[in-house]
Amino acid sequence: MKENGEKLNTVKLEKRKKLKNNVLYWVILNAGVLMYAVGVFLFKGPNNFATGGVSGIAIIIARYTQDAVPFLTQSVLNIILNVLLLIIGFIFLGKGCTFLTAYCSVVYTLEMYAMEWIFRACGIEFTNGVTLTGMSGNPQPFLEFIYAMLLTGIASAILFNCRASSGGTDIIALIIKKYTKMDIGKALFVTDLLIAASTFAIFGVTTGLFSILGLFFKSFLVDGIIESIGKSKFVTVITAAPERITPYIIEGLHRSYTAYKATGGYTGEEKTVLLTVCSRREALKLKLKIHAADPSAFVILTDTNEILGKGFRPSL
């Protein structure tokens, strides 16, 4: 009876943890989409910072169609281009990643529509540098460029970490990453270079330089943030009292471990080596617990950039 009760409690804890993780996942995913939409609508679009992606293509096309075909706004162009690229994504990436990308594309487009409607209803019209010019009275192109790159770069990294994307040429970058050893940031750079370079001829040298600089900035930013988000700790514990530590790994951290016997080269004493992987926050808790349980234990903590498997993230 006691064993059945413990199993039931374990199942309930696992279900709660899974539900909590799912809710947190969708909150983070939607926050990333909103951040991307704000970055494009408030900073990239008004300043013609076409650093690549479907948003960059839409900015370029809208330059020529906004007067002749008013209904072809950036939002509409985003829909048309994303649908075409989603079909390509479904073929090469499978339905899982494509579904998430489709969801992000739809939400992103709806948020763009909503912002267009709100600003139009308030009588606000966008021109180059409107966002911070309206606040300061003076053009602030470099400051707007920084915000455009930070918002869209961080948002892209969040979405990629959630095994999704904002759609568009991000899909091409994911395909390149899947079939090559290229990092996602470098893949983005390759796919978006031509789009960014075209701004020299369309919007002038200054905007072109901003776009190329933004492409470099975003590529390195995305890789850096993804690496930072994905970091976990590989913990090696050499101890003579594993029974004081292992219950905490199982029950306190809800992680597993691998254990094997080893002999100290200097002392000749038999020890137990424990291997486990956990988040950085959990590693700190584990380190304090080990120190309290066995002050003589030898602990090695190693940074890991990517962990694939149950309890972490599946491979793409």
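Above this text you will find the structure in question.
Reading guide: rules and limits
- Residue numbers run consecutively from 1 along every chain, following the written order of its sequence.
- Local features in this predicted model are restricted to residues of pLDDT 70 or higher, and side-chain atom pairs are both shown and tallied only at a pLDDT of 80 or more, whereas totals for entire chains, interfaces and linings draw on every residue.
- Here the side-chain values reflect all heavy atoms present in the structure, with hydrogen atoms and water set aside.
- We count a stretch as a helix when DSSP gives it H or I for four or more residues in a row; a strand needs E for two or more, and each element gets its number in order from the N terminus.
- Residue exposure (1.4 Å probe, protein chains only): buried if accessible area is under 20% of the type maximum, exposed if over 50%, otherwise partly exposed.
- Here the open area of atoms and residues is found with the Shrake-Rupley method and a 1.4 Å probe, where only the protein chains shown may cover a residue.
- Defined by distance alone, a disulfide is two cysteine sulfur atoms within 2.5 Å.
- Here, two residues are considered to be in contact whenever any of their heavy atoms come within 4.5 Å of each other.
- Note: two strands are recorded as paired if DSSP finds a minimum of 2 bridges between them.
- Each patch is built from residues lacking any salt bridge and having more than 30% relative accessible area; the joining distance is 9 Å for like charges and 5 Å for nonpolar side chains (Val, Leu, Ile, Met, Phe, Trp, Tyr).
- Basic side-chain nitrogens of Lys or Arg form a salt bridge, by our definition, when they fall within 4 Å of a carboxyl oxygen of Asp or Glu.
- His residues and chain termini do not enter the charge count, which takes Lys and Arg as positive and Asp and Glu as negative.
- N or O atoms closer than or at 3.5 Å make up a polar contact, with two conditions inside protein: a donor-capable atom paired with an acceptor-capable one, and, for residues adjacent in sequence, both atoms drawn from side chains.
- Note on method: axes are straight lines fitted to C-alpha atoms, helices fitted across the in-contact stretch only, with angles between N-to-C directions ranging 0 to 180 degrees.
- Aromatic pairing here means that ring centres of Phe, Tyr or Trp (its six-membered ring) are within 6.5 Å. Orientation follows from the plane angle: under 30 degrees is stacked, over 60 is edge-to-face, and everything else is tilted.
- Within this scheme, the nonpolar core is defined by two criteria: the residues are buried Ala, Val, Leu, Ile, Met, Phe, Trp, Tyr or Cys, and they are joined through side-chain atoms within 4.5 Å.
- Under the convention used throughout, the expected extent of a helix is 1.5 Å for every residue step, that is, one less than its residue count.
- Think of the arc as the fan of directions from the helix axis to the C-beta atoms.

**A few points about the overall build of the chain**
Then comes step 1: A tally of regular secondary structure across the chain gives eleven helices and four strands.
Then comes step 2: Counting every position in the chain, which comprises 316 residues, the buried fraction comes to 43%.
Then comes step 3: Split by element, the accessible area of the chain, about 17,500 Å² in all, is 65% carbon and sulfur.

**A look at the state of the cysteines**
Then comes step 1: Per the counting criterion, the structure on display carries zero disulfides.
Then comes step 2: Cysteine 104 takes part in no disulfide bond, and the closest cysteine sulfur, belonging to cysteine 162, lies 7.8 Å away.

**Considerations on the environment of cysteine 162**
Then comes step 1: Locating cysteine 162 in the fold gives a position in the loop between α6 (141-161) and α7 (169-179).
Then comes step 2: On a C-alpha basis, the gap between cysteine 162 and isoleucine 28 in space is 8.2 Å, while along the polypeptide they are 134 residues apart.
Then comes step 3: Residues within four places of cysteine 162 in sequence aside, it is in contact with Tyr25, Ile28, Leu29 and Leu100.

**Describing the pairing of strand β2 (residues 258-263)**
Along any regular strand, the residues point their side chains to alternate faces of the sheet.
Then comes step 1: As defined by bridge partners, β2 adjoins strand β3 (residues 270-278) across six bridges and the pair is classed as antiparallel. By the bridge assignment for β3, alanine 262 is matched with lysine 271.
Then comes step 2: Hairpin connection from β2 to β3: six residues lie between these consecutive antiparallel strands, with glycine 268 at a positive phi of about 80°.

**Structural notes on the environment of alanine 187**
Then comes step 1: Residue position: alanine 187 is located in helix α8 (residues 184-203).
Then comes step 2: Since its relative accessible area comes to 0%, alanine 187 is described here as buried.
Then comes step 3: Each C-alpha atom of the pair alanine 187 and alanine 173 lies 4.9 Å from the other, and the pair is 14 residues apart in sequence.

**Considering a nonpolar patch on the surface**
Then comes step 1: Judged by side-chain polarity, Ile79, Val83, Ile87, Ile88, Phe90, Ile91, Phe92, Val106, Leu110, Tyr113 and Tyr179 come together as a nonpolar surface patch covering roughly 1,100 Å² of accessible area.
Then comes step 2: Counting only elements with at least two residues in the nonpolar patch, the list comes to α3 (74-93) and α4 (95-121).
Then comes step 3: It is α3 that contributes the most residues to the nonpolar patch, seven residues altogether.
Then comes step 4: Mapped onto the elements of the fold, isoleucine 88 is located in helix α3.

**Thoughts on the side chain of aspartate 294**
Then comes step 1: Structurally, aspartate 294 can be placed in the loop between α11 (280-293) and β4 (298-304).
Then comes step 2: Lacking a salt bridge, the buried aspartate 294 has arginine 244 as its closest oppositely charged neighbour, with an N-O distance of 4.9 Å.
Then comes step 3: Here the side chain of aspartate 294 touches serine 296 through a polar contact of 2.8 Å, side chain to side chain.
Then comes step 4: In this structure, aspartate 294 is in contact with Thr239, Ala240, Ala241 and Ile245, ignoring residues within four places of it in sequence.

**Here we look at the sheet that holds strand β1 (residues 232-239)**
Then comes step 1: The four strands lie next to each other as β2-β3-β1-β4, forming an open sheet whose pairing is antiparallel. Of all the strands in the sheet, the pair left with one neighbour each is β2 and β4. Taking each pair of neighbouring strands and ignoring which way they run, the sheet shows an average axis angle of 20°.
Then comes step 2: As defined by bridge partners, β1 adjoins β3 across seven bridges and the pair is classed as antiparallel. Note on β3: the bridge partner recorded for phenylalanine 234 is valine 277.

**Observations concerning the packing of aromatic side chains**
Aromatic ring pairs: the centre-centre distance and the angle between the two ring planes describe each pair.
Then comes step 1: Counted under the stated rule, the structure contains four aromatic pairs.
Then comes step 2: Measuring from centroid to centroid gives 5.2 Å for tryptophan 26 and tyrosine 103, while their planes differ by 85°, and the two rings are edge-to-face. Linking tryptophan 26 in helix α1 (residues 2-47) with tyrosine 103 in helix α4, this pair joins segments that are 77 residues apart in sequence.
Then comes step 3: Judged by its relative accessible area of 33%, tryptophan 26 is partly exposed.
Then comes step 4: Judged by its relative accessible area of 26%, tyrosine 103 is partly exposed.

**A look at the nonpolar core**
Then comes step 1: Formed by 25 residues in total, the largest nonpolar core has its most connected members in Leu29, Val33, Cys104 and Tyr108.
Then comes step 2: Contributing elements (two or more residues each) for this core: α1, α4 and α6.
Then comes step 3: Take this core: its biggest share by element is eight residues, from α1.
Then comes step 4: Excluding its chain neighbours within four sequence positions, the residues that come into contact with leucine 29 are Leu100, Tyr103, Cys104, Leu159, Cys162 and Ala164.
Then comes step 5: By size, the runner-up hydrophobic cluster in this structure holds 15 residues, among which are Phe160, Leu188, Leu221 and Val222.

**Describing α11**
Then comes step 1: Counted at 1.5 Å a residue, the expected span for α11 with its 14 residues is 20 Å, and the 20 Å between its end C-alpha atoms agrees.
Then comes step 2: Looking at α11, one finds that the buried residues are Glu282, Ala283, Leu286, Ile290 and Ala293. Projection of α11 onto a plane perpendicular to its axis shows the buried side chains occupying an angular sector of 100°, all on one side. For α11, the exposed residues set more than 90 degrees away from the buried face come down to Arg281, Leu288, His291 and Ala292.
Then comes step 3: Along its buried surface, α11 packs onto β1, α10 (246-252), β3 and β4.

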